[in-house]
Each structure stands twice: as C-alpha cells, then as structure tokens.
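# Analysis of the macromolecular model
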Amino acid sequence: MRKYPFNIKTAAVLFFLLFFTASAVSAGELPELRIGVTCAPGAFEDDGRGVYSGILYSHIEGLAIYAEFSPVYVTGTLDENMQRLADGEIDMTIVAKRDSEADDGFLRTVRSIMRMPCNLYFSEDIGVHPRIGYCTKFHNEEILKKTLYEHAAYADTDYIPVAFDSLDELIKAWEIGSIEGIAVSGFEYLPEEEARCSLFLENFYLAMPAGKEELKTRIIQAMEKIRSLGPEKMWGATPENRNFGGQPLFLQRDEKEYLKNHPVIRVSVYAGQAPYAYMAGDEVHGIYPDYFKRAGLDLGVEFRMIPAKTYSESMEMVHDGRADMVASVYSDPAWAKENDMWFTFPYMDASYTGIIRRDRGVTKNPRVAAVRGVFFTKQYIEKNFPKEQIVYYGTDRDAIEAVRSGLVDMCYAKILLAQLLLTQPEYAVLYSTGQSVMLQDVAMGVCRRTDPILVRILNKEISHIGTGATQALIDESALAITPEHSWRTFVYYYPIRTLTAVILFSSFIIGVVVYIYRQRQKNYERLQYAAYRHSKSGLYNLRWFEENLPLLIEENREAREDGRLYIMLNNVCHFDRLMAVCSRHEAAVLQKEILASMHAHYPWFYRYATPGTLNQSYVFCVFSDRTQLQRILAEFESDIHVKSTLFPVSMQYNVGIVQVPPTGEISALELIQQVEIAQAEADESGALYCIYDENLMAKRARHQQIESMFRKSLEAGEFEVWYQPKYDLYTNEAAGAEALVRWNSSAMGEVQPAGFVPVLERTSLILELDYYVLEKTMRYLKGRIDAGLPVVPVSVNQSGKHVAETGYLDRMRQLAEKIPLPKGLIELEITETAFVDYETQAAREDAVHIARELRSMGYRLAMDDFCTGYSSIAMLQTLPMDTIKIDRAVLLAAEKDSKGLTILRGVIDFGRRLGMTVLCEGIETREQEQMLRENGCMLGQGFLYAEPMDEEQFSDFLVRKAVN
C-alpha cells in the first residue's frame, strides 16, 4: 500500500482552528449533508469503528462549521460517488475537474478542497510505444501527455494516451493487459502495485448536483472565510515556529460578557505528576496551576484547580459536570471526539522517556507498566508492545513504583517527572535512558456542554502568553521544587566511603556532612546566579527586577507618597553600530561599566537590571524632588560620554518612563509592561523619551488598528484622492492643484489625514500610499487629456522615505512610461527635511542625482514646508527645484511683526531670483492675499479660494475655472 506524506499534526491543528473560530451551533440543530468520500492513506481513513482521520476529513469538518451543516460520510470510489451524486443519493462529493474542464452538468467550487498526486503505474516490459490509460472524467489528455514526457521513468519512450469513460473500464483493461500502464489519482491507489512515479499534484473540488446553486454559494462563501484566516501560516504551527513573544490580547464584546458572567472556571487536573501538578498541603502547585494563574490575571477570572488522583478521574470530572475543563489533553482530533471534548491550541509539549532498573537493564520481552486512560499509552505503548506484556496502573507514580519494586521491567514517564523522581533516594535504583521516545503537544480540554466561546478565549490567551513566557513558567516551577538528598542516597552511591566513614568514626562523618553542605550551598548559589543574573554581564536580570520591585517600592514608601518614584527603561540608539566594532563580551563589559558609572554619579539611579539584551536596562529611580525628572530628561537630549576600560563611548538613548502610583495596590508586572510600552512609543516616534499615561495604551491600539487595516482598505479603494486648487494671485485664475488623500474606512469611519499619515510615516506603508495617490492622479489627468478636457498641473506629496528607498527611481520611471503625460503636469512635493542626514550607498546615487533624474522623467519638483526645516537655502543651491512652497507659519509670522514680513519678502525675492515658482499655502483672508501680491508672490493656495474637493467636484471646477 502506498503511503502519502500527509502531516497528521497539521491536520489536527487545522481541525481545532477551524472548529473553534466559527460561531458555536449545536450539531443537533444543523442540517445533514451526505458527502461522498474515497478512502486513501493520509487523506481520508476509517479505522472501522466510525473514527475518521486524515487531511480531507479535517478540511470537511472545518468547512461544515462555516457552512453550517452536519456531514454524513458515504465511502466509495470516485466513480461510485459521482454516480450517487447523479442519482441524488448524496449531496456532495469530490471531483478532479473544475467547471471549465467538465461537461457532466455538476456544480463545482471555484477553489480546490485539497490536492492529491496523480500516480503512474506500468508493467516491467512497456515496449517502445506503451499505451497509458486514463479516465476522461478526471484527467486531461494534453496535460497528461506533457507530464508523461517530463516526469515519467523512461523519458525516451513514445507514450500513447488511451482514454476510458470510467475507472472500472480502465482497471479492467489494465488487469487483462490491453494497456501497458495507467494514470490514476491518489484516491484510486492500487494496493497490490507500487507506483513508478507521481506525475503531478492535481486539485480536487467539491461537486454538487445541478440546481443546488444556494448550496454551492454557501460552500464557496465558507471556503473564502476559511481562506481569509491565512491557513498557510497556521497549518505549519510546529513547536519551532510558534509565536515566541506573545500577541496582544483583544477580547470581543461577547467574550468579555462571558467572562463577566463566569468569574470562576473549574479546572480538573491530575495532581500526581510533579512538577506539572502536585499537592502541597491543600493546594495544587506546579506548571499547570502557575499557567492558569497567569491566564486568570490576564482574563480577570479565577481558574479554580480541582485535584484528581488519576488522569482518568480528571476526565470523569469534566464528563459528570464537576469541572468545566481539564488542564491537559493531547491535541488529537480523534482523541478529542472520542472523549467528547473540544481542545485548544497547544500551549506546551511533553516528552516521554523510558525508566528501567539499574541492575536489570532492558530484557528481550519486557513487561511494561502503562498508565490507564492516557493518550501516550494508546498512541505509543499499545502500538509498540504486545498486549500480554502491558500491565496497567492508575498513576505515573504507581507505574514507576512497579518498576522499582521489580513487578515490571520498565515504564515510560514525562522527562521532567522522571528527572524529579529519580533524584529522590527511594528511586536511586532506577535509571532513565534520557532519550525522548515521543513528543506530544499538550492542550486544554473543554467539555462540549460548555459554551465554545470559552475555547476561543483560551486560544487568544495562549497566543497572548506565547511560548517564551510559557517556557519561563516551566523553568520557574521546576526551580521551585528542591530535590531531596539524604544519607541513604550517599550510602547507595558511595558504599565503600560510607563504610570507611563508619570505621574512621565521627571525624570522617563530620567531613562528609561538611562536604555535602558545601556542595548544596554551591549548587544553590549557582541556581540563584543563573536565575537572577545575566549570563554575559553578571548584572541582575528582569526576573530579579520584577520580584524585588515591590520590596524596593516599600523601602522608599515616603518617596512614593511624594510622587518621586519612577521606573525607567533605557534603550541604546544605533546599537547595531556598536556591535559592528565590538564582540558580545565587550558589549556586555561596556553595558556593565556604563550602568555602574551612572549608578555612581547619579544618586537617583537607585537599582538597575538588564532584560537579557545588551542594549536595554531597567532602572528604579528615586528622585530628590518632583522637578528632577525634567532635569534628567534634559541631560538625555545630549550624548552621554563614558570612559570605559575598553574605549571611550558616547551613548544616545530613547527612554520609556512610568511613575509608580503614590497610592493603591501595585503590580510589578503591570509597571514593567507600562514602561515597555512607553519605550516602544519613544522608539517608534523618534522621540528621546516618552512618559506613560492612560492615553498611551489607547493611542498605540489605535495606531495598530490603522496599520492592520491599511492594506485591506487600500485594496478596497477606501482611500480617495481629493484636490485643492492653486490660484494665480494676480489673475485669480486656477493655476494648478494639490492632490490630497482622504480615508473613508468601513471599519473606523472617516479618518482625518492627521490621524493616519503620521502613523504610516513611521513604517514603509507611507510609500505604498504615495504610489497609490500618484498613480491615481496620473490616471485621472490622462483620462481628461484623452477626452479633450482641460487640465492643470497637480502636485503630489512624496514622503522623505523615498529618498532612501531601493528602486525608487526605477518605479517612478515605470509610472512615467506607463501613464505618459506632458512634462511638468505632475509636480512632486518633497519636504526639505527629506534630504537631511541622508547617507549615500553603493547601490544608490546621492540626493542631487535623484532630483535630477526625477526632473528628466518629466516631473517637476517642489520643496514643501519651506523655511520650517534645517538648511533650506543651502539645499536650494544644490538641488534642482522648480517650486518653493512657503509654509503657512511664515505667512502668519509676517502678519505679526516687521521681522516676519522681512523674512517673507526675502524668501519670495530669493525664489524669484533663482527662477523658481513661489507659492504660499494656507491663505484664508484678503489681507494675506494682498500682502503676498505686494511682495511678489506668484501663486496661492488656501480656504480663501477653495477647499479640497473630490474628483467629481474638481472635474466640474476645471470646466468652469481652468485655463487650458
């Protein structure tokens, strides 16, 4: 039997992802659809007990949630299912041809449901002109013939395709030898034969009877919804590429309402598997409880842990209503369905290893202890050992105890559990192989009687926590359990030394006791150092900072009440430049010396720690008065010079700051998260520092929403180009216009440019918007010219990021060639700050070259916001500009005093002497217009003449006002 390389874990991940993101509808309320399927390895398999698996099964189950039907599977060959579909015995089946390739009258989906290989079988002696049979219902002769020559085993052979109307006729012809080979899909594999090669991957579609247009529409809509989730990212959710840092936690209104109505969620947990879950007094401790405690803090609910003595009992608690969910199940679709469970995303994994006695080793036919009701027992032990060699027990400890007492030869346990137990004296006779025999994803199981919205909430929380924080919880919980040591351990491992110690009386015993004590002390110190120190620099790490922050705040209670306690997160700017000239060790030394120097020179620099990266440091600040913060921030505006033992350095920081609340309860984690948000805002906005306040979180959420909605809105055409006319100040005629952008978002409503342009400027998204506005403007002008309608020059804004963009000139040249316009009809407005601090690279010319190339393409160039930047006049001497656009601020200054008027007059005269067009924006009064005319300004723009107008209004305006 041929096996196909389908990933079962992939199918499992797809199954629960599709199942739980849809709206929950009880299976009893859904209409049944009879679906014809063909069993094939890896695609659709039936174990004979009505338990299905495979990639096609997962696809259809997920599709059923979105299309709202309950699937009933009817197995048969492709031919049989197509006949059943024609006879009305089934409602849907899979077919190999899309609508454009088939003439059977069935309706088909546009997108394929899955892909299967087309396999080629042929006999040993195929001859010179072998006849290759194929079924016309599923394959196209032209494609088949082409791929036969490209991929078949004997490339020099002249293949002769032979068409058959049905698969039955094709197989019979193959069996009697009238053809030398056959080409069939993976659904029609031949158990007695081995395929010589796979010709190509063919798409399979869902087919429905004619007249079922409503069903077809419903299925296609469901497939599009699933596709919108981005399945190409989610199917490969292996442990190596899962989200490490965690995603933001955003709950919908119905999810918040569910949590409000369910403040306590009962979680059953098998409490006999330290360090995962174990009893300490009357409470459950371990990795699972710690994880749910963290989740409860995030979600604002209590996950109440209900201990169970066995794994089976923890499952029974969910089934009989004593618990709402179980802490750990295995993310396998068939396992979940068999146990009447829904399961979440995997939130950690567990590796199993073998345990044997030191004095026995592994026998030829070992008796194996297995834990009853556990997925590992079913999936690994029962598949690899005969039934007569397996002895079942209720708990992991019972199984391990059976090995220790010699009742069985070996057992299997999770590696963390094995490592913990085998350090205890009573288990010194046991030995762990240390080799992982199986790695299994661990998820949370939720009873199907529970509202599925809980699963969606838990999935969001699992994504929010991320694998990084999960691993930290695992490490912390493992460290919390101190291994037990006693004299019995020493006696077992060192019998001769123990006997010698007895002979040498108390002196040797005292020496042994001292030795053990010192070893434990060193181990403890090593653990403490590893837990609370950075490995490279030796500085305190973020864990230490978080745990000690409440103590530091309590030590400085008076300063807190006076509002003088702050937490600061310093981030070194351009850290990559420093790393280019020194090693990581040298960078760690620099970091340590810089922080020590600042601690010595600044009394407010109270305590500090590093999160693990060499470019950041957390500082607990105690200021002498409330105004000291502003003085400190002023010092950060200039470089901080440090004389290191390695070499002198100058550091520039961007800083996040949060004040410790003077009153109320304090969460160290929340304060750290707040200062990280403030630092991220300072970094993204280019500011030197940012102080956290209540509006910052909402602002960042708004920015994130704008960034996430941008591309979708751009594709949907939600961005509109408006035009504001420019006027000749002397003739009062329209002399041009400026293209402006407006965003009418379907999700956020009308968004003002001031609300989204600065956000896009922080990222490369502004480049896409610029090209969009420019191309739309050029097409608008081209359309009017082709129609013989009047046009005026239009200026389009260009972000300063284009100057450093790779391929900028090539793309601008392509636009000019694709939409040819008269030279000068498009004017590019570039702010003067775009060319400040611009560094040339080998692959790009300098700014002067860029400007000259743009002009040679037919674009005019205008310097926008003139006199608001750094070196306007100096740049005009080198950059070939056509227009200078005086900023409104200069106009307002000229109205206030004579100095401002002198500057305005000088700028206008300077531009005219250089042969440039001079335009002033923001004109709103006749007095401003008169002042500009008197001083020689040529063009004006502002609300005095016209407000921005949409394309239709501007077209009417051009007919009425423009001079052709």
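In short, a report on the structure. (Residues numbered from 1 in each chain as written. Predicted model: local features only at pLDDT ≥ 70, side-chain atom pairs only at ≥ 80, totals over all residues. Heavy atoms only, no water.)

Take the packing of helix H27 (residues 765-786) against helix H28 (residues 808-818) next. The geometry of H27 relative to H28 is characterised by a closest axis approach of 10 Å and an angle of 20° between their N-to-C directions. Regarding the angle of H27 to H28, the classification is roughly parallel. Seen from above, H27 lies across H28 with right-handed handedness. Facing H27, whose interface residues are Tyr 771, Leu 774, Glu 775, Met 778 and Arg 779, H28 presents Tyr 808, Arg 811, Met 812, Leu 815, Ala 816 and Lys 818. In the contact of H27 with H28, the residues fall into 7 nonpolar, no polar and 4 charged. (Axes fitted to C-alpha atoms, helices over the stretch in contact; angles between N-to-C directions. Helix = DSSP H or I, 4+ residues; strand = E, 2+ residues; numbered from the N terminus. Parallel < 35°, antiparallel > 145°, perpendicular 65-115°, else oblique. Left-handed = near helix turned anticlockwise from the far one by under 90°. Contact = heavy atoms within 4.5 Å. Nonpolar A, V, L, I, M, F, W, Y, C, P; charged D, E, K, R; others polar.)

Here we come to the packing of aromatic side chains. All told, the structure shown has 31 aromatic pairs when counted by the stated rule. Ring centres 6.5 Å apart and planes at 70° place the aromatic pair Phe 719 and Tyr 772 in the edge-to-face group. Residue Phe 719 is found in strand S31 (residues 719-728), and its partner Tyr 772 is found in helix H27; the two are separated by 53 residues along the sequence. Exposure class is identical for Phe 719 and Tyr 772. Each is buried. One aromatic cluster is present, built from ring pairs that chain together Tyr 276, Tyr 288, Tyr 291, Phe 292, Phe 303 and Tyr 347. Sitting over the ring of Tyr 606, Arg 607 keeps its end group 4.8 Å from the ring centre. The ring of Tyr 771 carries the charged tip of Arg 811 above its face, separated from the ring centre by 3.7 Å. (Phe/Tyr/Trp six-rings, centres within 6.5 Å; stacked < 30°, edge-to-face > 60°. Buried < 20%, exposed > 50% of the residue type's maximum accessible area, 1.4 Å probe, protein only. Lys NZ or Arg CZ within 6 Å of the ring centre and 35° of its normal.)

Further remarks concern a nonpolar patch on the surface. A contiguous nonpolar surface patch, about 300 Å² in accessible area, is contributed by Leu 499, Ile 503 and Leu 504. By the secondary structure assignment, Leu 499 is in helix H17 (residues 495-503). Looking at Leu 499, the relative accessible area reads 53%, which means it is exposed. (Patch = residues over 30% accessible without salt bridge, like charges linked within 9 Å, V, L, I, M, F, W, Y side chains within 5 Å. Areas by Shrake-Rupley, 256 points an atom, 1.4 Å probe, with all protein chains shown as cover. Salt bridge = Lys/Arg side-chain N within 4 Å of Asp/Glu carboxyl O.)

Applying the stated rule across the entire model yields 4 cavities of 30 Å³ or more. Looking at the largest cavity, its volume works out to about 160 Å³. Around the largest cavity, the lining is made up of 19 residues, and of these Tyr 330, Tyr 352, Val 374, Asp 396 and Lys 414 lie nearest the centre. Among the residues forming the lining of the largest cavity, the class breakdown is 14 nonpolar, 3 polar and 2 charged. (1 Å grid on protein atoms, 1.4 Å probe; cavity = no way out; pocket = protein on both sides within 12 Å on 5 of 7 lines; lining within 4 Å. Points joined across faces, edges and corners; volume = space filled by probe spheres on them.)

Before going further, it helps to spend a moment on the nonpolar core. Within the largest apolar cluster, 86 residues are counted, with the highest numbers of intra-cluster contacts made by Tyr 288, Phe 292, Phe 303, Met 325, Tyr 347 and Ile 381. With sequence-adjacent residues up to four places away left out, Ile 381 is seen in contact with Val 368, Ala 369, Ala 370, Phe 376, Ile 390 and Tyr 412. Core analysis: the second largest hydrophobic core is formed by 78 residues, Ile 706, Leu 828, Leu 904 and Met 949 among them. (Core = buried A, V, L, I, M, F, W, Y, C linked by side-chain atoms within 4.5 Å.)

Glancing now at the sheet that holds strand S26 (residues 616-622). Pairing within the open sheet is mixed, and its 5 strands lie in the order S25-S26-S24-S29-S30. Both edges of this open sheet fall to strand S25 (605-609) and strand S30 (689-691), since each of them pairs with a single strand only. Along the sheet, successive strands turn relative to each other by an average axial angle of 20°, direction set aside. Pairing of strand S24 (residues 565-572) with S26, which is carried by 7 bridges, proceeds in the antiparallel orientation. The partner of Tyr 566 across the bridge, within S26, is Cys 621. Set on the sheet, helix H24 (residues 668-685) makes contact with S24, S26, strand S29 (653-659) and S30; between it and S29 the angle comes to about 145°. (Pairing = 2+ DSSP bridges.)

Looking now at unusual backbone geometry. Looking along the chain, the bond that leaves Ala 274 and enters Pro 275 is cis, with omega of 5°. Structurally, the position occupied by Pro 275 is in the loop between strand S13 (272-273) and strand S14 (277-280). Here the phi dihedral of Asp 340 falls at roughly 55°; this positive angle occurs in a residue that is not glycine. With respect to the helices and strands, Asp 340 occurs in the loop between helix H11 (333-338) and strand S18 (341-343). A relative accessible area of 36% means that Asp 340 is categorised as partly exposed. Even without glycine at this site, Asn 732 takes up a positive phi of about 60°. Structurally, Asn 732 is set in the loop between S31 and strand S32 (734-745). For Asn 732, a relative accessible area of 45% puts it in the partly exposed group.

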